[in-house]
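Here are the chains, one letter per residue:
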Amino acid sequence: MALRKGRKSNPEGRMALKEHLREFRNRLFKSGIAVVLGTVGGFFLYLPVFEALTQPLLDAGNSDGRFTTINFEGVATPFDQMIQVSVFIGLLVSSPVWLYQAWAFVTPGLKRKERRAALGFLSAAVPLFIGGVYLAWLILPNAVRVLTEFTPEGGSNVITASVYLAFVLRLLLAFGIAFLIPVFLVGLNLAGLLTGRTIIKYWRITVFLICLFAAMAAPGADALSMFYLAAPLLALFSLAVGICLINDRRRLRKQAAREAAVEAEVDTATPVDKL
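Turning our attention to the side chain of Ser-86. Following the sequence through the fold, Ser-86 ends up in helix α3 (residues 77-93). Taking the relative accessible area as the measure of exposure, Ser-86 reaches 0% and is therefore buried. A distance of 2.6 Å separates a polar atom in the side chain of Ser-86 from the backbone oxygen of Met-82. Once you skip the residues sitting within four places of it in the chain, Ser-86 turns out to touch Gly-38, Thr-39, Gly-42, Phe-43 and Tyr-46.

So, on to the environment of Ala-34. Counting through the fold element by element, Ala-34 comes out in helix α2 (residues 17-63). Note: C-alpha distance between Ala-34 and Ser-94 (60 residues apart in sequence) is 5.7 Å. Excluding residues that lie within four positions of it along the chain, Ala-34 makes contacts with Ser-94 and Val-97.

Here we take up the packing of α3 against helix α6 (residues 161-178). Closest axis-to-axis distance for the α3/α6 pair is 11 Å, and the angle between their directions is 10°. It follows from the interaxial angle that α3 and α6 lie roughly parallel. On the side of α3, the interface is formed by Gln-81, Val-85 and Phe-88, while α6 contributes Ala-161, Ser-162, Leu-165, Leu-169, Leu-172 and Leu-173. When its residues are assigned to classes, the contact of α3 with α6 shows 7 nonpolar, 2 polar and no charged.

Taken over all residues, the pLDDT of the chain has a mean of 75, while the share at 70 or more is 76%. Confidence, expressed as mean pLDDT per element, reaches its minimum in the chain at helix α1 (residues 2-5) with 46 and its maximum at α3 with 87. Between residues 1-13, whose pLDDT stays under 50, and residues either more than four places distant or in other chains, the model counts 14 contacts.

Take Glu-23: it is sitting in helix α2. Here the side chain of Glu-23 touches Arg-27 through a polar contact of 2.9 Å, side chain to side chain.

Before going further, it helps to examine the nonpolar core. Residues Leu-140, Val-144, Tyr-164, Val-168 and Leu-172 are the most contacted members of the largest nonpolar core, which totals 42 residues. Listed by contribution, the elements that provide at least two residues to this core are α2, α3, α5 (112-148), α6, α7 (181-190), α9 (203-217) and α10 (223-274). Top element by residues in this core is α6. It accounts for 10 residues. Among all residues touching Tyr-164, those that are not within four sequence positions of it are Leu-53, Thr-54, Pro-56, Leu-57, Ile-70, Leu-140, Val-144 and Ile-159.

Another aspect to go through is a nonpolar patch on the surface. Together, Val-36, Val-40, Phe-43, Phe-44, Phe-79, Ile-83, Val-87 and Leu-91 make up an exposed nonpolar region whose accessible area comes to about 710 Å². Mapped by element, the contributors of at least two residues to the nonpolar patch are α2 and α3. Note on placement: Leu-91 falls in helix α3.

The rules behind each value
- Residues numbered from 1 in each chain as written.
- Predicted model: local features only at pLDDT ≥ 70, side-chain atom pairs only at ≥ 80, totals over all residues.
- Heavy atoms only, no water.
- Helix = DSSP H or I, 4+ residues; strand = E, 2+ residues; numbered from the N terminus.
- Buried < 20%, exposed > 50% of the residue type's maximum accessible area, 1.4 Å probe, protein only.
- Polar contact = N/O pair within 3.5 Å; in protein donor to acceptor, adjacent residues only side chain to side chain.
- Contact = heavy atoms within 4.5 Å.
- Axes fitted to C-alpha atoms, helices over the stretch in contact; angles between N-to-C directions.
- Parallel < 35°, antiparallel > 145°, perpendicular 65-115°, else oblique.
- Nonpolar A, V, L, I, M, F, W, Y, C, P; charged D, E, K, R; others polar.
- pLDDT = per-residue confidence, 0-100.
- Core = buried A, V, L, I, M, F, W, Y, C linked by side-chain atoms within 4.5 Å.
- Patch = residues over 30% accessible without salt bridge, like charges linked within 9 Å, V, L, I, M, F, W, Y side chains within 5 Å.
- Areas by Shrake-Rupley, 256 points an atom, 1.4 Å probe, with all protein chains shown as cover.
- Salt bridge = Lys/Arg side-chain N within 4 Å of Asp/Glu carboxyl O.

So, in structure tokens, the structure goes:
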């Protein structure tokens, strides 16, 4: 509250190191509370979410006569998997809260226009992260079906819950995090650290890195899951490049206007000096 009241007298939001640490502790505490509450809600959603996640594997196994089951290899494994899935649900549900807390921790040290830009990053990051997770959810059945088709005829898949859920959570997180890359590029551009022309200059390397990331992040060896991840990333990359180019042109216009204003002041002041 003191920081908000003193915003007019302290527009840059400067704080001492002790205040920064206190602010960081408060933001971290609020984020932790949000994640814990989301995890508690995740416990109630665990069974339907677990059934939805495992149904593609059961459908793929039973469609061609192979009986596929989910096996728990230890006594405490069911509880461990419940915690992991519940924490993931908690992180997903509370993502607007902890992303906002991260943004709010940075805003005291930013100027007003930069704080607006940071708020724009938050508004774009949350739907992109959730959208990436949702896209991974949609392609999960196809990814499971393609991968299980490599099982030899007459064989059966004996899959443990820990291995399968790790596969699924890795897929969901990989898509969610990958969809944040364009926001990161635009953020670097608005901060003046990266220009749109620089991105275009190295577009071959960037496309290669995106495809390489898709190949490494996709949890299977099939090209289908890699394509599902690489295609939207390339589209978002193109959109980010367009935004960066527009921002570069706007920055150049402002710079040219400032230079023209300085030259006009110099031209106006010259006759006065001669007098």
